[in-house]
Amino acid sequence: MPVPYQLQCRECRALWGNQPVSFCQNCFAPLEVTYDLAQIRGQFNKDEIARRGTTLWRYKELLPLPEVCDASLPVGFTPLVKAAGLGDYFRSKSLYLKNDAVCFPSLSFKDRVVAVALTQARNFGFEIVSCSSTGNLANAVAAQAARLGLKACVFIPADLEPAKIVNTQVYGAKIIRIAGNYDQVNRLCSQIADKHRWGFVNVNLRPYYAEGSKTVGYEIAEQLGWRLPDNVVVPMAGGSLITKIYKAFNELMELGLVERKNVKLFGAQATGCSPISAAVKAGRTEIDPQKPNTIARSLAIGNPADGYYAASTITGSGGWAEDSSDPEIVDAIMLLAETEGIFTETAGGVTVGAARKLYGQGRIRPEETTVLCITGNGLKTTDALAGRFEESEPIAPKLAFFEEYLERELVKEAK
Ligand SMILES: *Cc1c(COP(=O)(O)O)cnc(C)c1O
Ligand SMILES: [Zn+2]
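As the structure is a prediction and not an experimental result, all values here were calculated from the model.

Draft legend 1. Molecular detail of the pairing of strand β12 (residues 321–324). Neither face of β12 is open: one carries Ala 321 and Asp 323, the other Glu 322 and Ser 324, and all of them are buried. In this structure, strand β11 (residues 264–270) lies alongside β12, joined through 4 bridges in parallel fashion. Bridge pairing in β12 links Ala 270 to Ser 324.

Draft legend 2. Region of the structure containing the sheet that holds strand β3 (residues 31–35). Here 3 strands make up an open sheet; going across it, the order is β2-β1-β3 and the pairing antiparallel. The strands lining the two open edges of the sheet, one partner per strand, are β2 (15–17) and β3. In this sheet, neighbouring strand axes are inclined to one another by 40° on average, regardless of whether the strands run parallel or antiparallel. Across 2 bridges, strand β1 (residues 5–9) lies against β2 in antiparallel orientation. Paired with Gln 8 across the bridge in β2 is Leu 15.

Draft legend 3. Up close: the site of ligand 1. Surveying the vicinity of ligand 1 reveals 15 residues, the closest of which are Lys 110, Gly 238, Gly 239, Leu 241 and Thr 375. Take Ser 240: an N or O atom from its main chain is 3.3 Å from an oxygen atom of ligand 1. A distance of 2.8 Å separates an oxygen atom of ligand 1 from a polar backbone atom of Leu 241. Coverage of ligand 1 by the protein chains reaches 97% of its 380 Å² of free accessible surface. Counted by class, the shell around ligand 1 contains 7 nonpolar, 6 polar and 2 charged residues.

Draft legend 4. Quick peek at the nonpolar core. One finds Val 141 and Ile 220 to be the most contacted residues of the largest nonpolar core, which totals 79 residues. Both domains that furnish three or more residues to this core are identified here as domain 1 (80–106 + 213–385) and domain 2 (112–210). Tyr 182, Ala 237, Ile 333 and Ile 364 belong to the second-largest nonpolar core, a separate cluster that totals 34 residues.

About the thresholds
- Residues numbered from 1 in each chain as written.
- Chains lettered and ligands numbered in written order.
- Predicted model: local features only at pLDDT ≥ 70, side-chain atom pairs only at ≥ 80, totals over all residues.
- Heavy atoms only, no water.
- Buried < 20%, exposed > 50% of the residue type's maximum accessible area, 1.4 Å probe, protein only.
- Helix = DSSP H or I, 4+ residues; strand = E, 2+ residues; numbered from the N terminus.
- Pairing = 2+ DSSP bridges.
- Axes fitted to C-alpha atoms, helices over the stretch in contact; angles between N-to-C directions.
- Near = heavy atom within 4 Å.
- Polar contact = N/O pair within 3.5 Å; in protein donor to acceptor, adjacent residues only side chain to side chain.
- Areas by Shrake-Rupley, 256 points an atom, 1.4 Å probe, with all protein chains shown as cover.
- Nonpolar A, V, L, I, M, F, W, Y, C, P; charged D, E, K, R; others polar.
- Core = buried A, V, L, I, M, F, W, Y, C linked by side-chain atoms within 4.5 Å.
- Domains from an automatic or database assignment.

Structure, rendered in structure tokens:
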């Protein structure tokens, strides 16, 4: 039986089979994967999913996987945690965090997109896999390529956080640093992909890559007991994740796995790179590219590939978009850590900071069930907190010195 999916143009709806291309050769619009849901329906049900391993592969029928592929790496199925502490802060009793700060193996949601893209990279016979990355994608490509025995060579803007660079190099991947911003890196990668037979997960394999993001949506629904939330707040870089969470919810409704419901999608960006949220706030879906200037480097895409679709998804769902300034991002990272014991990277700070505004504006109501997507780990962006905490003088390993220290601290606190 042929695979039940293929590429389709998002605009002219032409079908293109399965191949490593991301644009329609008729009208140059982006391609996305479409499924024959009639063929998929009835092949699995909730009970069967419940018996499967706790990884994103449990939704394999809804992913564009080749007939033969290595689906053994335990990626995804991250915790959905009820956020009582942060919920108190927002006066909400029904707040949840989808915690991809602990996604396996490289500690960001990008592990999901790479897991799916690399099955197709192998299927199409690529020996070198690549990407243009703001950091997390490079980490995920490098880690999973090592596991699969593929060569990885990734392109990044030169100014990335040191932890994200080491987290790529440690797996033996080659890093090519480009003196330019992400949008320039990405343009270069498109040109390389036209010339060299390399599998760029987010360029020529982009339609397959993007499908991996849907698993965030499937997991949220399943972990809520096969119910959909009222609201989801999602950080946006290229704008793909937010559109795919929406697609996931629609597929589950279409397949009868959840009841029909209008879920509002809320997008979050950094104020220093907010082309999508600016468009939403202005009531437009066309994107005005920006020059990024923010500590949230993982979201610093000034000309987002899926910006138009992200803005349309947000507006169409009745949601909204907000942005967080650099100081607000740092405050929100600390708020999340202090209330929930979760250390997120700058992108998570953007999300929590935006959620704070959305609750404040009454756009998200406390009685509604709301999920915040925490997409990356704080250990990768510790430089964002540099200078935030004072380094205390060490004390001698003697009880007397400790007692003295305690006294001093008590005096300080009393002041
Ligand atoms: C890439 C990334 C995003 C956003 O992904 P898009 O699909 O490009 O919008 C969000 N959070 C983190 C941590 C990321 O690395
Ligand atoms: Zn087309």
